[in-house]
Amino acid sequence: DALILSNHWRAMDKKPVELRGLTRKALEPFSAQGDGNRIVTCGLSDSLPDLVVIGDRAQLETVVASLVSNGLKYSMGQGIVRVTVGPAEGGARISVCDRGIGVPDAERSSIFDGFSRGGNLEGRDPGGLGLGLYVSAMIVRQHGGRIWVESNGQTGTHFYVELPTSPVVV
């Protein structure tokens, strides 16, 4: 969470950024931690067409890392986290999906608030301060994008980030 905060509170350096390569780089630390075998990717091949967004590389990497970290934490050491990058209408989409404990319906509207923690942890503490999703949402909005979550409330959470592929004034 400290890395997320330090990246967030600096001036943005928006430039054209290729999203597939950015996502591959954001996933590197997870492979080094030995969680690489729990991350499955789709749409990250070098042979696919570039998906270029205008953004701050470090801050967008922070968003991807935060979503993957949450997926791994809230899967409680079980299951796979799937990271997908692809085109979306008017932009590009990153999705991070897990089969973890899910997000209860009552918490879905506040999940991007600061210090928000899952109420369905049942005594388990995944660590962190509950700021990752809050900061991620702020970064995505500052890039003219949108972020949302889908969950059946019991098993699995799907986070989506859509970013415009053309310059946006925010």
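Residues numbered from 1 in each chain as written. Predicted model: local features only at pLDDT ≥ 70, side-chain atom pairs only at ≥ 80, totals over all residues. Heavy atoms only, no water.

Q: Would you mind going over the packing of helix α2 (residues 19–32) against helix α3 (residues 57–73) with me for this structure?
A: Working note: a packed helix pair is described by the angle between its axes plus the distance between those axes. For the pair α2 and α3, interaxial distance at closest approach is 9 Å and the crossing angle is 50°. The angle between α2 and α3 places the two elements in the oblique class. For the pair α2 and α3, the sense of crossing is right-handed. Along the contact surface, α2 presents L22, T23, K25, A26, L27 and F30, while α3 presents R57, L60, E61, V64, A65, V68, S69 and L72. In the contact of α2 with α3, the residues fall into nine nonpolar, two polar and three charged. (Axes fitted to C-alpha atoms, helices over the stretch in contact; angles between N-to-C directions. Helix = DSSP H or I, 4+ residues; strand = E, 2+ residues; numbered from the N terminus. Parallel < 35°, antiparallel > 145°, perpendicular 65-115°, else oblique. Left-handed = near helix turned anticlockwise from the far one by under 90°. Contact = heavy atoms within 4.5 Å. Nonpolar A, V, L, I, M, F, W, Y, C, P; charged D, E, K, R; others polar.)

Q: Explain the packing of aromatic side chains here, please?
A: The description of an aromatic ring pair rests on the distance of the ring centres and on the angle between the ring planes. On inspection of all chains with the given rule, the structure shows two aromatic pairs. Judged by centre distance (6.1 Å) and plane angle (80°), the rings of F112 and F159 are edge-to-face. Within this pair, whereas F112 is found in the loop between β5 (91–98) and α4 (132–142), its partner F159 is found in strand β7 (residues 157–164), the two being separated by 47 residues in sequence. For F112, a relative accessible area of 12% gives the class buried. Take F159: its relative accessible area is 5%, and that puts it in the buried class. (Phe/Tyr/Trp six-rings, centres within 6.5 Å; stacked < 30°, edge-to-face > 60°. Buried < 20%, exposed > 50% of the residue type's maximum accessible area, 1.4 Å probe, protein only.)

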